[in-house]
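# Observations on the three-dimensional arrangement
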Amino acid sequence: MPIETSPADTPRRRFLGSITTGILSVLGGILGVIGGGAVLSSTVRRQEDWLAASALHDLPDNEPTAVTLSVMRLDGYRQALERRTIFLVKTGESEVAAFDATCTHLGCHVAWDPEGQVFRCPCHGGVFDRTGAVKDGPPPEPLVKIATRVDGNRVMVQA
Amino acid sequence: MRDWLDSRTGFRALVKHVLDEPLPNGVGWWFVTGSIVLFLLAVQLLTGVALAFFYSPSPDYAYDSVRFIIERVTFGRVLRGLHFFGASFIVVAAIVHMLRVVAFGSYKKPRELNWIVGVLLLLIVLGFALTGYLLPWDQKAYWATTVTLNIVRSVPLVGGFLSGVLKGGADLGALTLMRWYAAHVFLLPACLIALTLAHLYLMRRQGISGPVKAVPGPPVPFYPYHALKDTIAAAAVFALLLTVALVFNAPLDAVADPTDAAYVPRPEWYFMSLFELLRYFPGRLEPLATVVIPGLVIALLLLLPFLDRRPGREPARRPLVIGSFIVVFTGITLLTILGFRGAPVTSSQPQQAGPAPRGPVMVEDVFKNVQALKGLTVDEFMGTMGLMSASLGLCCSDCHPGAGTESVKWEDDSNPRKITARQMVRMVQAVNRDNFSGRQVVTCWTCHRLRVTPLATPTLDQLYGEAITELDDVVSRAEGVPTPTQVLDRYLQAIGGAEKVAGITSIVATGKVEAFGSFGGGGNFEYFAQAPDKRAMLSHLPDGESSRTFDGRAGWFAIPLAVVPKYPLTGGELDGARLDAQLSFPAQIARTLTGLRVGPRTSLQGTGVYLLQGNGARGSFVSLYFDRESGLLLRTIRYTPSKIGNVPTQVDYEAYRDVGGITFPHRWTVTWLDGRDTFDFSDVTFNVPIDLAKFGEPLIPAAR
C-alpha cells in the first residue's frame, strides 16, 4: 500500500529523485553509447581495388557493354564473392567510361536498349542516356560513375 | 500526451505503486545487493543483444565473428569486455546478495518461496556462464565444454542421455554450439526474466525484511531514499566493471582445434571449485564430486527456510545455519584457490614452468597497409610471405621496392604485383572454402611452382619425360614397409641403444655456423636442449645475434637486420618450436607424434629411406627420413599450417660420430622458406645442467 508523505518532504524527495534520475541517465547513456555505437556505426569501409574489367580492343566505340566483375570482398568476418554488373563505354581512342548497372531509383538493374540508345530500368521505367544522365522516369540521380584507367590494352575499373 | 497515456494505461498509478513502496525504517546499504544484481543483469542483457548483432553461432564463423567484434566493431572490445567480465561480476554480486539474505535471516517465513526463486536464479546465472563459455569457439571454449560434457556423462544412470542432449550430435560440434547458443539467448533469458519478475513480485508482496532488529519509526518510501542508495551502488559497481573492461582484454584463445591433444582446459573461476573437487574423488567415486555433493548443497539451499523455522533472525541465534554457510563458503574458496594453484588433473602433460607468454605481436602493429592478411601474428605473417615468395621463386624486393636496403617501403603499393597478390590470396581462400570445406587443398605452390605466371598448357616433354616421384605432403600407411615401431627401434639401436638414448636429459653443444648459405656470414653457435621440451639455438653472426628459443611454453625468434628483429612465436610456429624441442630427444619421438605411419619407399639423393610421418598439434605434422641401410635419421621436415598453406622447415643430418656411446649427427643443415643455415658441431656433451634463462626470451640483437 502506498504511503503518505508530508508536503514538507516534497522538495527533498524531488531533489533526491533528480539525483537518482541523473545518475541512472548517465549509466544508461554510457551503455547506450557503447551498445548503440557498436550496432549503429559502420564497421567495414568498402575496400575498392583496381580491377581488370575488359580488353580495350573488345569494346565497341560508344556502345555500352555489360561486364560482370567478380571480386572477393570482406563480408564482415567472412570472405564473399561479390558479383557486380557495370557498363563500359569506349568514348575515345583510349578513354573508357564506366557506370554501375544499378538504377538509382530503387536498385533494379538497368539494361542497354540498342534501339532506343538508352539504358532502361525494367522496374519503374527509369531511362538514362549513354552518359548515365536521367532522361525519364523516377530516378533521382544519374547512374553511378566508376573511375577507370587504361593500362595498355587493359581497362581497369576502381570497384 | 501524458494524460492521454495515463487515461488509457493508468501508468501513473503503477509508477506510484512501484516507487512508493513502503520500506521499514532503518533499511541501509546492505539492502542494495539485490539491486546491484538486477542492474548487472540489465547490463548483460543490453551488451548481449548488441553482441548478437555480430555473432555467428556456427563453428565456421563463430571465432571469426568474435574476433571481428573485438577488432572491427566500434566499442567492440569494450562491449565484449563488459559482457565477459560482467558474468563474473554477476556471480559475485549474486553470492553476496545470497549471503546478505542468509546473514539477515531474510529467507524465513513468509519469504520461503522468494528464497527458492532466488536460488533458482543463481543456478540460471551459472547456466548463463556455462553456455556462454562455448560461444567464442576458441580452444578454452572447446576443451572446457568437452570436460563439462564428460562430467555430465559421469552422472549415474542418466549421464549418457544428458550428455547427448547437451551435445546435440555425435560429437561436440555445430549442433552443440547452436544448442548452447539457443539456450544462452532464448531459453535462459526467458527463464531469467520470468523468475526475476517472480522474485520482484514476491518481494513486493511480502515486503522486504528490513533490519534484523526492527528500528522504530514510520516506513519510508522506496523512491527516492532507497532508490538513490541503489543507484549509487549500481553506479560504483558499473564504474568498476567499465574500468576492468577498458583496461583488460577479455581473453580469446586460438580457434578451437579438436585435434590438439596438448591443450590443458581450465574452467572459469566460478567453476574452479567443482573442477578441483574432482581431484579428490577419482574413478568410480567421481559422481560424488559431480552430482552428489553439488546436488546436496543445492538441495540444502532450497530447503533452508524449511529446515530453519524458528522465528528469530539474529545471526547469533542461528549458529548452525551461519556456521554451515561459513564452512561451505570457506570450502568453496579453498577449493578455488587450490584449483588455481594445483596442476590440472585432466592433463597428461608435465607441468610447464616459466613465465606466461605475453600477447602476440600482430602484423598490424608492425606493418602499414596490410589488407588481405590482417589479423595474423607477425610470425604467421612472415610464414605466409615466405610461402608466397618461395612459390613464385621471387624475393622480397620483387614486390616491395627497396627491400634489402635501408630505404625499403613495405607499405608502398606502386608495384601491381602486390595488388594481384592480395586478389590471389582472396581467390585461393575462396576456392578452398567453396570447394574443399576450407581445407587448404589449393595453395600458391599448387599452380605457381617457382613461376610468376603458372603454366596453363601441359609440357609434352615433361609428359613423356621422367615420372614425377614427389610424394604427397601427407602420406598414408604403405604396404610392404616396416612398422613405425620397427623403424624407430632400429634408429634408437643405431644411435646407441634405446636404454642409453632414453637416459639423455640434456644436450649442450657448440660449433661453427654458416648463415643463409654463407650470405649471412659465418660465426659460432651454441645449442642447448633439455628434456622434455626446451631448446635454444643461439648463433653469433657478424651482423648480430640470431636465436630461436623455446622454454616449454613460449618461444621467440630473433634475427639481425630483419624487418622485425624479434618476435614471440604463436600458432603454427609455436607448435613447430615445441616439436623441435621434443624431437631433440630421439626417445621422445614415439610419444610426441600421433598417428605414426610409414609411407611408401622413397629415396633421398640416391639413398633408400623409410619415411615415417606423425602428427603434432593443430594440424602440424612431421616427416622423418631414416636410412634403410644404417637406420640413421637423415632428414626431418616439419610442416606447420599458415593462413595460405603449410610452412615447411627441413633439417638434414650428416656426419654421425660417437659421443660417449651415443652416435650424434655433427652437421645439420636447416632449410626454411627464407634461408638455409649450416651448423657444424664440434663439442657435444650430454646430461649437463643448463641455465633455464638460455631458453627464455632473447635480448634484442644489436647490430654490429
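## A look at the overall build of chain A
A count of helices and strands for chain A gives 1 helix and 11 strands. N-terminal to C-terminal, the α/β element order of chain A is α-β-β-β-β-β-β-β-β-β-β-β. Counting across all 159 residues of chain A, residues that qualify as buried make up 36%. Taking contacts inside chain A between residues at least 6 apart in sequence as the whole, the part at least 24 apart equals 48%. With an accessible surface of roughly 8800 Å², chain A has 54% of that area assigned to carbon and sulfur atoms.

## A look at the packing of aromatic side chains
Working definition: an aromatic ring pair is given by the centre-to-centre distance plus the angle between the planes. All names here are of chain B. As enumerated under the stated definition, the model contains 27 aromatic pairs over all chains in all. Between Phe54 and Phe68, the aromatic rings sit 6.4 Å apart at their centres with planes inclined by 45°, giving tilted as the arrangement. Separated by 14 residues along the polypeptide, Phe54 in the loop between helix H3 (33-52) and helix H4 (62-71) and Phe68 in helix H4 bring together distant segments of the chain. Between Tyr527 and Phe681, the ring centres sit 5.9 Å apart and the planes meet at 75°, which makes this aromatic pair edge-to-face. Of this pair, Tyr527 sits in strand E4 (residues 521-530) while Phe681 sits in strand E16 (residues 675-686), placing them 154 residues apart in sequence.

## Focus on empty space enclosed by the protein
All names here are of chain B. Tallied over the full model, the rule gives 4 cavities of 30 Å³ or more. By volume, the largest cavity is sized at about 680 Å³. Taken together, 40 residues make up the lining of the largest cavity; nearest its centre are Arg535, Val651, Tyr653, Trp668 and Val670. Looking at the lining of the largest cavity, the elements with two or more residues in it are strand E5 (534-541), strand E6 (544-550), helix H21 (571-583), strand E12 (621-627), strand E13 (633-642), strand E14 (645-659), strand E15 (662-672) and E16. Sorting elements by how many residues they give to the lining of the largest cavity places E15 first, with 7 residues.

## Focus on the state of the cysteines
All names here are of chain A. Summed over the entire model, instances satisfying the criterion amount to 1 disulfide over all chains. Note on cysteine connectivity: Cys108 is disulfide-linked to Cys123, with sulfurs 1.9 Å apart. Since a negative S-S torsion denotes a left-handed disulfide, the Cys108-Cys123 link at about -100° is left-handed. One end of the pair, Cys108, is in the loop between strand E4 (96-100) and strand E5 (111-113); the other, Cys123, is in the loop between strand E6 (118-120) and strand E7 (127-128), with 15 residues separating them in the sequence.

## Quick look at the interface of chain B and chain A
Taken residue by residue, the interface counts 42 residues in chain B and 39 residues in chain A. Contact between chain B and chain A buries roughly 3500 Å² in total, counting both sides, with carbon and sulfur atoms accounting for 70%. On inspection of chain B and its partner chain A, the count reaches 1 salt bridge. A salt bridge links Arg13(A) to Asp20(B); the shortest N-O distance between them is 2.8 Å. Counting across the chain B and chain A interface gives 5 residue pairs in polar contact (both at pLDDT 80 or more). Those elements that place two or more of their residues in the side of chain B that touches chain A are H3, H4, helix H5 (76-103), strand E2 (220-221), helix H10 (222-247) and helix H16 (416-436) of chain B.

## Details of a nonpolar patch on the surface
Residues and elements named next belong to chain B. A surface patch of nonpolar side chains, amounting to about 640 Å² of accessible area, comprises Leu38, Leu45, Val49, Phe53, Ile193, Leu197 and Leu200. With respect to the element layout, Phe53 can be found in the loop between H3 and H4. The exposed category is assigned to Phe53, whose relative accessible area is 54%.

## Regarding the packing of helix H6 (residues 112-134) of chain B against helix H12 (residues 286-307) of chain B
All names here are of chain B. At a minimum axis separation of 8 Å, H6 and H12 run at an interaxial angle of 165°. One finds that H6 runs roughly antiparallel with respect to H12. Seen along the crossing, H6 lies across H12 with a hand that is right-handed. Here H6 contributes Glu112, Trp115, Ile116, Val119, Leu120 and Leu123 to the contact with H12, which in turn contributes Ile298, Leu301, Leu302, Leu304, Pro305 and Phe306. Tallied by class, the residues present in the contact of H6 with H12 amount to 11 nonpolar, no polar and 1 charged.

## Looking at the environment of Thr91(A)
All names here are of chain A. Structurally, Thr91 can be placed in the loop between strand E3 (78-90) and E4. Sequence separation of Thr91 and Thr131 is 40 residues, and the distance between their C-alpha atoms is 9.8 Å. Each residue touching Thr91, except ones within four places of it in the same chain, is listed here: Asn62, Val96 and Ala97.

## With respect to the confidence of the model for chain B
Residues and elements named next belong to chain B. Across chain B, the average pLDDT comes to 85, with 93% of residues at or above 70. Of all the helices and strands in chain B, helix H14 (residues 363-366) carries the lowest mean pLDDT, 71, while H3 carries the highest, 96. Here residues 343-358 is modelled with pLDDT under 50, and outside its nearest four sequence neighbours on either side it reaches 23 contacts, counting other chains as well. Taken over the whole predicted complex, pTM reads 0.59, whereas the ipTM for its chain interfaces reads 0.76.

## With respect to the sheet that holds E7(A)
All names here are of chain A. What the 4 strands build is an open sheet, ordered E5-E6-E7-E8; its pairing is antiparallel. One side of each edge strand has no neighbouring strand; the edge strands of this open sheet are E5 and strand E8 (134-136). Pairing analysis gives 2 bridges linking E6 to E7, with the strands arranged antiparallel. When the bridges of E7 are listed, Arg120 appears paired with Val127.

## Here's the deal with the pattern of salt bridges
Counting across every chain of the model gives 18 salt bridges over all chains. Taking the shortest distance from any N to any O, the salt bridge between Glu573(B) and Arg548(B) comes out at 3.8 Å. Remark: Arg548(B) occurs in strand E6 and Glu573(B) occurs in helix H21; sequence separation between them is 25 residues. By relative accessible area, Glu573(B) is classed as buried at 13%. What emerges from the salt-bridge pattern is a single network uniting Arg13(A), Lys16(B) and Asp20(B).

## Overview of the sheet that holds strand E10 (residues 148-151) of chain A
Two modes of strand pairing occur in sheets, parallel and antiparallel, and in both the strands are linked by backbone hydrogen bonds. Residues and elements named next belong to chain A. In space, the 3 strands of this open sheet follow the order E1-E11-E10, with antiparallel pairing throughout. If you trace the sheet from one side to the other, it starts and ends with strand E1 (50-55) and E10, each paired once. Taken over all neighbouring pairs, the strand axes of this sheet differ in orientation by 35° on average, direction set aside. The sheet contact formed by E10 and strand E11 (residues 154-158) spans 4 bridges and is antiparallel. Residue Arg149 lies in a different strand from E11, and its bridge partner there is Met156.

## Re unusual backbone geometry
Residue Lys109(B) is joined to Pro110(B) through a cis peptide bond whose omega torsion reads 10°. Examined against the element boundaries, Pro110(B) turns out to sit in the loop between H5 and H6. In this chain, Tyr223(B) is followed by Pro224(B) through a cis amide linkage whose omega measures 5°. With respect to the helices, strands and loops of the structure, Pro224(B) is situated in helix H10. Unusually for a residue other than glycine, Asn62(A) sits at a positive phi of about 55°. The topology assignment puts Asn62(A) in the loop between E1 and strand E2 (65-75). Asn62(A) sits in the partly exposed class, given a relative accessible area of 39%. Phi at Gln117(A) is positive, roughly 55°, even though this residue is not glycine. Taking relative accessible area as the criterion, Gln117(A) reaches 30% and is therefore assigned partly exposed.

Rules of the game
- Residues numbered from 1 in each chain as written.
- Chains lettered and ligands numbered in written order.
- Predicted model: local features only at pLDDT ≥ 70, side-chain atom pairs only at ≥ 80, totals over all residues.
- Heavy atoms only, no water.
- Helix = DSSP H or I, 4+ residues; strand = E, 2+ residues; numbered from the N terminus.
- Buried < 20%, exposed > 50% of the residue type's maximum accessible area, 1.4 Å probe, protein only.
- Contact = heavy atoms within 4.5 Å.
- Areas by Shrake-Rupley, 256 points an atom, 1.4 Å probe, with all protein chains shown as cover.
- Phe/Tyr/Trp six-rings, centres within 6.5 Å; stacked < 30°, edge-to-face > 60°.
- 1 Å grid on protein atoms, 1.4 Å probe; cavity = no way out; pocket = protein on both sides within 12 Å on 5 of 7 lines; lining within 4 Å.
- Points joined across faces, edges and corners; volume = space filled by probe spheres on them.
- Disulfide = S-S within 2.5 Å.
- Buried area = accessible area lost by both parts, 1.4 Å probe.
- Salt bridge = Lys/Arg side-chain N within 4 Å of Asp/Glu carboxyl O.
- Polar contact = N/O pair within 3.5 Å; in protein donor to acceptor, adjacent residues only side chain to side chain.
- Patch = residues over 30% accessible without salt bridge, like charges linked within 9 Å, V, L, I, M, F, W, Y side chains within 5 Å.
- Axes fitted to C-alpha atoms, helices over the stretch in contact; angles between N-to-C directions.
- Parallel < 35°, antiparallel > 145°, perpendicular 65-115°, else oblique.
- Left-handed = near helix turned anticlockwise from the far one by under 90°.
- Nonpolar A, V, L, I, M, F, W, Y, C, P; charged D, E, K, R; others polar.
- pLDDT = per-residue confidence, 0-100.
- Pairing = 2+ DSSP bridges.

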